[in-house]
Amino acid sequence: QFHMIKHEDLTWKESLGQGSFTHIFRGSKTDQRDGVTHTTEVLLKVLDANHKNCWESFFEAASLMSQISHKHLLLVYGISVHKSKNIMVQEFVKHGALDLYLKKSMSVSVSWKLDVAKQLACALNFLEEKNIAHGNICAKNLLLAREGDPSSDNSPFIKLSDPGTSMALLGKDVVLDRIPWVAPEVLDTLEIELECDKWSFGTTLWEIFNNGEAPLQGQDLIQKQQFYEHFSNLPALEWTELADLIAQCMQYQPELRPSCRSIIRQLNSLITSDYEILHATGTLPK
Ligand code: ATP
Ligand code: MG
C-alpha cells in the first residue's frame, strides 16, 4: 500500500529542523521515465532512531496522505527504508510553515488571512466527507506553496501537512504540549474523532489572525493542563464575528462544534472591508 522509494534515488541537502520524533531535511529524488532522468525537489522526514517503535504509525500517516488527493493536502510521494532509517518522502513546499511566515512578515492583510482560513476549511470539509480525522492541525502544519499578494488578485495557496505519529504513541508530554491545539477530550481517550479537528481548526484560526503567535506561549505543561481543567478560552479576537466562530469550534463539548459546511458558510459571510473600516476609524484598538 506504500510507494517504496529507493534510498539511492534520494539526495540529501540541508537540515530544516526537528518535529515530533522527526528530523527534517530538504533533498531531491530522481526517477527514470521513458529513459529520461527526472529530478524532483522533496522534503525528507526521518523518524528518530530512538523512537523506531513508532514506524508503523509514522508510515500510516504517509499512507493516509498518499491515498487521498486534494489541492490543499500535501503530496506524499512514498516512503524509503534504509538500514534502520525510516523516511517519509513528500512534496517540498517553497515558503515553508505558515506560523513562521506570519511571524516574519511585517504586514499581512486580513483578506490574505481569510483566504488561508477558507482553504483550510475546504481541506477539512474534504476530510469530513471522507470521514477522516487528521489529528494534528496547526499553523505549523500549514505549508505555504504560493505567497500571493494581498494588493492584487493573486491569493496565497496553502497545503495541509501529514499528521505524523499518532498521539497514542507520542506520549503524555507531547500531547500536553499540544494544548491548546489538541481537543480537550483527546487527553483522556488519545483517540481522534472528526470533532477534534474542529477544535484544532479554531486554534489555528486564532494563530493566523494573531500573526502566527503561539497561543499559551511560554506556559509549562502543568499550566497548559490547567487551562483545560478550568475550561478556559483563548483571548477573544477583536473581530467579533471571527471570535464567535473560534468560540464555536473550541467548545469543550465536541458535539456542539459546527460542521464544516457551517464553518465555510460563516467564513464566507465575513466581510473584510467591515473589519478594515472599523480599524481605520479607530472604533477598535489596533
Ligand atoms: P509534527 O508531526 O509535530 O508536525 P513534523 O515532523 O511534521 O512534526 P514540523 O515541526 O511540522 O515537523 O516541521 C518542521 C519544519 O520543517 C517546519 O517548520 C517547516 O519549516 C519545515 N517543513 C515541514 N514540512 C515541509 C514541507 N513539506 N516543505 C517545506 N518545508 C517543510
Ligand atoms: Mg508537521
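Notes on the structure follow. Note that the structure is predicted; figures quoted are calculated from it, not measured. (Residues numbered from 1 in each chain as written. Chains lettered and ligands numbered in written order. Predicted model: local features only at pLDDT ≥ 70, side-chain atom pairs only at ≥ 80, totals over all residues. Heavy atoms only, no water.)

Side note on the site of ligand 1
Neighbouring residues of ligand 1: 20 residues in total, closest Ser20, Thr22, Lys45, Val93 and Asn141. Within the side chain of glutamine 90, an N or O atom sits 3.1 Å from a nitrogen atom of ligand 1. One nitrogen or oxygen atom from the main chain of glutamate 91 is found 2.9 Å from a nitrogen atom belonging to ligand 1. Burial of ligand 1 by the protein amounts to 92% of the accessible area it has alone, namely 620 Å². Among the cavities detected, the one that contains ligand 1 is the largest pocket. At the level of secondary structure, the elements contributing two or more residues to the shell around ligand 1 comprise strand S1 (10-19), strand S2 (22-33), strand S3 (36-47) and strand S5 (85-91). When its residues are assigned to classes, the shell around ligand 1 shows nine nonpolar, seven polar and four charged. (Near = heavy atom within 4 Å. Polar contact = N/O pair within 3.5 Å; in protein donor to acceptor, adjacent residues only side chain to side chain. Areas by Shrake-Rupley, 256 points an atom, 1.4 Å probe, with all protein chains shown as cover. 1 Å grid on protein atoms, 1.4 Å probe; cavity = no way out; pocket = protein on both sides within 12 Å on 5 of 7 lines; lining within 4 Å. Sits in = over half its atoms within 2 Å of the grid points. Helix = DSSP H or I, 4+ residues; strand = E, 2+ residues; numbered from the N terminus. Nonpolar A, V, L, I, M, F, W, Y, C, P; charged D, E, K, R; others polar.)

A look at the pairing of S5
In terms of burial, S5 is a largely internal element, six of the seven residues being buried. Where S3 and S5 come together, five bridges link them in antiparallel fashion. Each residue of the ladder has a partner; that of leucine 44, found in S5, is valine 89. Bridge count between strand S4 (residues 76-82) and S5: six bridges; the pairing is antiparallel. If you follow glycine 78 over to S5, its bridge partner there is valine 89. Here S4 hands over to S5 after two residues, with lysine 83 in that stretch at a positive phi of 50°. (Buried < 20%, exposed > 50% of the residue type's maximum accessible area, 1.4 Å probe, protein only. Pairing = 2+ DSSP bridges.)

Notes on empty space enclosed by the protein
Under the definition given, this model contains two cavities of 30 Å³ or more. Taken as a whole, the largest cavity encloses approximately 40 Å³ of empty space. The wall of the largest cavity is formed by Leu124, Leu127, Glu128, Ile132, Leu194, Asp197, Lys198 and Cys260. When contributions to the lining of the largest cavity are tallied by element, the ones reaching two or more residues are helix H3 (110-129) and helix H7 (194-209). Partitioning the lining of the largest cavity into residue classes produces five nonpolar, no polar and three charged. Of the volumes computed, that of the second largest cavity is approximately 40 Å³. Along its surface, the second largest cavity is lined by Gly135, Asn136, Ile137, Met167, Arg178, Trp181, Val182 and Ser200. (Points joined across faces, edges and corners; volume = space filled by probe spheres on them.)

Some thoughts on H3
Helix length check: H3, at 20 residues, gives a terminal C-alpha distance of 28 Å against a target of 28 Å (1.5 Å per residue), a fit within 8%. Summarising burial for H3: 14 of the 20 residues are buried, a large majority. Asparagine 131, located one to two residues past H3, shows a positive phi value of around 60°. (Expected span 1.5 Å × (residues − 1).)

Considerations on a negative patch on the surface
Among the surface-exposed residues, Glu191, Glu193, Glu195 and Glu255 lie close enough to one another that they form a single negatively charged patch. Within the secondary structure layout, glutamate 191 lies in the loop between helix H6 (186-189) and H7. (Patch = residues over 30% accessible without salt bridge, like charges linked within 9 Å, V, L, I, M, F, W, Y side chains within 5 Å. Salt bridge = Lys/Arg side-chain N within 4 Å of Asp/Glu carboxyl O. Lys, Arg positive; Asp, Glu negative; His and termini not counted. Charge placed at Lys NZ, Arg CZ, Asp CG, Glu CD.)

What about the packing of H3 against H7?
For the pair H3 and H7, interaxial distance at closest approach is 11 Å and the crossing angle is 170°. By the angle class used here, H3 and H7 are roughly antiparallel. Listed contacts from H7 to Val110, Lys113, Leu114, Val116, Ala117, Leu120, Ala121, Leu124, Leu127 and Glu128 of H3 are Leu194, Asp197, Lys198, Phe201, Thr204, Leu205, Ile208 and Phe209. Its residues assigned to classes, the contact of H3 with H7 shows 13 nonpolar, one polar and four charged. (Axes fitted to C-alpha atoms, helices over the stretch in contact; angles between N-to-C directions. Parallel < 35°, antiparallel > 145°, perpendicular 65-115°, else oblique. Contact = heavy atoms within 4.5 Å.)

Thoughts on the packing of H3 against helix H10 (residues 260-269)
Their axes nearest at 9 Å, the elements H3 and H10 cross at an angle of 165°. With respect to H10, the element H3 is oriented roughly antiparallel. Read as a crossing pair, H3 and H10 show a hand that is left-handed. Here H3 contributes Leu114, Ala117, Lys118, Ala121, Leu124, Asn125 and Glu128 to the contact with H10, which in turn contributes Cys260, Arg261, Ile263, Ile264, Leu267 and Asn268. When its residues are assigned to classes, the contact of H3 with H10 shows eight nonpolar, two polar and three charged. (Left-handed = near helix turned anticlockwise from the far one by under 90°.)

All we've got here are geometric facts, nothing functional implied.
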